[in-house]
Amino acid sequence: MPTVELHQVRKTYDKFVAVNDLSLSIEQGSIFGLLGPNGAGKTSTIRMMIGITVPDSGQVRMFGEPFRRQHLKRIGYLPETSGLYKKMKINEQLVLFGQLHGLSAAESLRRAQQWCERLEIVGSFEKKTEELSKGMQQKIQFIATLMHDPDFLIMDEPFAGLDPVNASLLKDVLLDLNKQGRTILFSTHRMDQVEKLCDSICLINRGQAVLQGKLKDIKSRYGKNNVQIEYEGQDDFLRENRLVQSFNNYGNYVEVRMAPGADTQSLLRMVAERSRVNKFELMEPSLEDIFIDVVGKTDA
Amino acid sequence: MHNTFLFARREYLETVRKKSFLVMTILLPALMFGFTIVPSMLASRKSGEPQHIVIATADAQFGANVREHMMNPPSEAANPATQSNNVTTKDNLDVQVDTNVTPEEEAALTAKVDSHQIDGYLWAPPDALASRKLSYRSRSASDFSAIGDLTSAVHDAILRESFRKHGATPEEISAALEPVDVDTLKVEKGKVTDSGGAAIFFTALLLMILLYTTIIMYGMSVMRSVLEEKNSRIFEVLLSAATAKELMAGKILGSGAVGLTQIAIWTVAAATLGAGSMISMGGEKFHLNLGVSNMIFFGIFFILGFLLYAALGAALGSAVNSEQEAQQFQFVILMPLIVSVIFMMPVIQQPHSTLSVVLSLIPFCTPLLMYIRIVVETPPMWQIALSIVLLVGTIYAMLALCSRIYRVGILMYGKRPTLPEIMKWIKYA
């Protein structure tokens, strides 16, 4: 049974169509990536999922039933930007969020303390939000989302503003919760960050789903026709249209997407002619490449 | 209900812990004390400065009478509340009688005023007395209270002289010149109460200042609090657990509790310090004995007014995106208050006119104007009841309205809503 099902969901603000007849389904126990550039309609979609706004048309089903407010007790939502009271102490704040989700004050306090220990921020328990760094605030927000032990977690840009150590700490917690059967939705424009985590994805652009399904299937569909090349010397091979469809130069190396039907070995020979090749590797396309590819096609 | 309580408690605790609450609680009574008591204290101290006055008249008896009246004014001696002040005042007054009224003496006295030897002199030669046109000459010609005292002293002396010539005894003269005191008393439920005109005006003013300042202060504070939630996107977290209506109701009730706390503190403080003794220092006799029913109405209208304007503040906070924008719309909150203040005097003077009745039933004016009507002349019970029902209904409607504006307003940030858009939001959501 899917945790969330959106069926032909549509939302317009004035004449602007934020979400355009979007359908998607998130399997229970999966990690789902809702991906797309800024302004694609990710947050608008999430808001309709949890009843902050009502879709103009279409249907939202949660835990197998039409959405009801009672479902919110089983959902944890981490918003994109800080949603904490600046002048309120962390412990009071977490207790408030716990109570809003139906916990007692004592139980909320106990859980808040537990989480603060686990995320190594016990020292800031008595402080006000405005006294904490952005990364710390993000951790507090994270705890606030998990206070009521929800079955379905919605994470809107969860790793924004976190250093790699803390990002990995949060990631481990999330993977742990997923192992215990929780369903997780990641919404982000940083596709590289969640690529390794997600089972399934939905790529959206301008309010429409442009690609969705299991990540494995999608990647295999696109095949290994990307090449990563590290070289010293001239780069005029990049302009060889017969072989190279597009490329992305990262400075230290370049990623090349092969033209349809082109042979990677011809490219290797061509590069080796003029330059010194340090590395030549066939790769799965990254989500970003796939996205650019798909969006490029739909826009054209 | 549970969520509303949680939000109300949060709002309450946050506001009460703010420094501005403490400042407001202490500063407002201090300001009111300053505006009402200090000026009259300053005024009485001014007349307490040493004064040296000369009465230049050929008629020694007249001079003595004026002097006697000025040193011991009978009208003020009759008022026990202020007598203590005046004894010291008159000790500082030195009045001399000069029977020389030649032009040379006039020049000499003028020179003395100029050289600060005396503060002023009353020039009353026989021809001036006969035509009853005297002149008082001093360095500052604008000391109206001194002129007033002098005029009444001269009038009194002339009357005494005239009575004496008709053969009246000094006792008969004093009895005839005994001052008259007209007190204003209010008839309420068939009984004469002792709350007079000055007390009505004073309490009305008191309520007005209290309502006006606290509403501006906390109406704005609710507005800012809504804005903060919008701009930091706390609302996304809150709305994923509660409804906009619960949130708004919590905010408004929470700030209502703040208002209640504030007047509770003031009431206790006033009772402990003894407001009566403070007021009597003002030099005017105020009866602050309002009666229990008036105090209850004060509480009701204060709290309801507070809630209404808090709801208005919340609606405003929902509709705008930044404090700068909010400031441009503050007049929306202030206008009904200013209208109430403008119509305060007509309502006090004619509490039963159609204008007064209609105005006091308009919910945004009710807190101030209906209360004033109750204090001045108790209106029919049905009018009071109707005004309260309308007020409560409006508060509830405002709540529904602002939670709608909030729900749609939060989704439109970054763009200032036009009035037609806000109207659309109200229909929507």
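What you see is a predicted model; the values in this text were computed from it and never measured.

### Side note on the overall build of chain A
Logical step 1: Summing up its helical and strand segments, chain A has nine helices and 14 strands in all.
Logical step 2: Counting contacts in chain A only where the partners sit at least 6 residues apart, residues at least 24 apart contribute 70% of the total.

### What to know about the overall build of chain B
Logical step 1: Secondary structure assignment for chain B yields 21 helices and six strands.
Logical step 2: For chain B, the residues scored as buried account for 34% of the 429 residues in total.

### Description of helix H3 (residues 105–118) of chain A
For an α-helix, the turn length of 3.6 residues means that residues three or four places apart are oriented alike.
Residue and element names in this part refer to chain A.
Logical step 1: In a regular helix each residue adds 1.5 Å, so 14 residues correspond to 20 Å; H3 covers 20 Å between its end C-alpha atoms and thus fits that length.
Logical step 2: Along H3, the residues that are buried comprise Ser108, Ala112, Trp115 and Cys116. Burial along H3 is one-sided: seen end-on, the buried residues are contained in an arc of 100 degrees. What points out from H3, more than 90 degrees from its buried face, is the exposed set Ala106, Gln114 and Glu117.
Logical step 3: In this fold, the buried residues of H3 make contact with helix H2 (90–100) and helix H4 (134–146).
Logical step 4: A positive backbone phi angle near 60 degrees is found at Glu120, which sits one or two residues after H3.

### A short note on the interface of chain A and chain B
Logical step 1: Between chain A and chain B, the contact holds 21 residues from the first and 14 residues from the second.
Logical step 2: Secondary-structure elements contributing two or more residues to the side of chain A that touches chain B are strand E6 (75–78) and H2 of chain A.
Logical step 3: Residue contributions to the side of chain A that touches chain B peak at three residues, all from H2 of chain A.
Logical step 4: Taken together, the residues of the side of chain A that touches chain B sort by class into 13 nonpolar, six polar and two charged.

### Brief notes about unusual backbone geometry
Residue and element names in this part refer to chain A.
Logical step 1: One non-glycine residue, Glu157, lies in the positive phi region at around 45 degrees.
Logical step 2: Within the secondary structure, Glu157 sits in the loop between strand E7 (152–156) and helix H5 (164–179).
Logical step 3: In this structure, Arg206 is a non-glycine residue whose phi angle is positive, near 50 degrees.
Logical step 4: Note that Arg206 resides in the loop between strand E9 (200–205) and strand E10 (208–214).

### With respect to the packing of H2 of chain A against H3 of chain A
Residue and element names in this part refer to chain A.
Logical step 1: In contact at an axis separation of 8 Å, H2 and H3 are set at 125 degrees when each is read in the N-to-C sense. Between H2 and H3, the angle falls in the class oblique. Two packed elements cross with a definite hand, and for H2 against H3 that hand is right-handed. The segment H2 lies against H3, with Asn91, Leu94, Val95, Gly98 and Gln99 engaging Ala105, Glu107, Ser108, Leu109, Arg111 and Ala112.
Logical step 2: Tallied by class, the residues present in the contact of H2 with H3 amount to five nonpolar, four polar and two charged.

### A closer look at the environment of Ile46 of chain A
Residues and elements named next belong to chain A.
Logical step 1: Among the secondary structure elements, Ile46 is positioned in helix H1 (residues 42–49).
Logical step 2: Taking the C-alpha atoms as reference, Ile46 lies 9.7 Å from Met155; in sequence the two are 109 residues apart.
Logical step 3: In this structure, Ile46 is in contact with Ile154, Asp156 and Ser187, ignoring residues within four places of it in sequence.

### Examining the sheet that holds strand E2 (residues 93–98) of chain B
Residues and elements named next belong to chain B.
Logical step 1: Pairing in this open sheet of four strands is mixed, and the strands run E2-E1-E3-E4 from one edge to the other. The open sheet has two edge strands with one neighbour each: E2 and strand E4 (135–138). Taking the axes of each pair of neighbouring strands and ignoring which way they run, one obtains an average angle of 20 degrees across the sheet.
Logical step 2: Here strand E3 (residues 120–124) pairs with E4 via four bridges, running antiparallel.

### Digging into the pairing of strand E11 (residues 226–232) of chain A
Residues and elements named next belong to chain A.
Logical step 1: As paired strands, E11 and strand E13 (residues 254–258) are joined by four bridges and run antiparallel to one another. Opposite Ile229, over in E13, you have Val254 as the bridge partner.
Logical step 2: Relative to strand E14 (residues 276–283), E11 runs antiparallel, the two being bridged by seven bridges. Paired with Gln228 across the strands is Glu281, a residue of E14.

### Some remarks on the confidence of the model for chain B
Residues and elements named next belong to chain B.
Logical step 1: Taken over all residues, the pLDDT of chain B has a mean of 77, while the share at 70 or more is 76%.
Logical step 2: In the model of chain B, helix H5 (residues 80–91) stands out as the element of lowest mean pLDDT, 45, in contrast to helix H1 (residues 2–17), which has the highest, 89.
Logical step 3: For the stretch residues 76–89, pLDDT sits under 50, and the model shows 12 contacts to residues farther than four places along the chain or on other chains.
Logical step 4: Counting contacts from residues 277–289, a segment whose pLDDT is below 50, to residues more than four positions away or on other chains yields 27 contacts.
Logical step 5: In the predicted complex, the global pTM is 0.69; the interface-specific ipTM is 0.76.

### Quick look at the confidence of the model for chain A
Logical step 1: Scored by pLDDT, chain A has a mean of 87; 99% of the residues are at 70 or more.
Logical step 2: Per-element confidence in chain A is highest for E7 of chain A, whose mean pLDDT is 93, and lowest for helix H9 (residues 287–299) of chain A, whose mean pLDDT is 75.

### With respect to the sheet that holds strand E12 (residues 244–249) of chain A
Residue and element names in this part refer to chain A.
Logical step 1: Spatially, the four strands line up as an open sheet ordered E12-E13-E11-E14, and their pairing is antiparallel. Of all the strands in the sheet, just E12 and E14 have a single pairing partner and so form its edges. Going across the sheet, the axis of each strand differs from the next one's by a mean of 25 degrees, ignoring polarity.

### Details of the packing of H2 of chain A against H1 of chain B
Logical step 1: H1 of chain B packs onto H2 of chain A with a crossing angle of 165 degrees between their chain directions and a minimal axis gap of 10 Å. Taken together, the axis directions place H2 of chain A and H1 of chain B in an arrangement best described as roughly antiparallel. The element H2 of chain A and its partner H1 of chain B pack so that their crossing is left-handed. Here Leu96, Gln99 and Leu100 of chain A of H2 of chain A lie close against H1 of chain B, whose contacting residues are Asn3, Leu6 and Arg10 of chain B.

Criteria and cut-off values
- Residues numbered from 1 in each chain as written.
- Chains lettered and ligands numbered in written order.
- Predicted model: local features only at pLDDT ≥ 70, side-chain atom pairs only at ≥ 80, totals over all residues.
- Helix = DSSP H or I, 4+ residues; strand = E, 2+ residues; numbered from the N terminus.
- Contact = placed C-beta atoms within 7 Å.
- Buried ≥ 20, exposed ≤ 12 C-beta atoms within 10 Å, placed from the backbone.
- Expected span 1.5 Å × (residues − 1).
- Arc of directions from axis to C-beta.
- Nonpolar A, V, L, I, M, F, W, Y, C, P; charged D, E, K, R; others polar.
- Axes fitted to C-alpha atoms, helices over the stretch in contact; angles between N-to-C directions.
- Parallel < 35°, antiparallel > 145°, perpendicular 65-115°, else oblique.
- Left-handed = near helix turned anticlockwise from the far one by under 90°.
- Pairing = 2+ DSSP bridges.
- pLDDT = per-residue confidence, 0-100.

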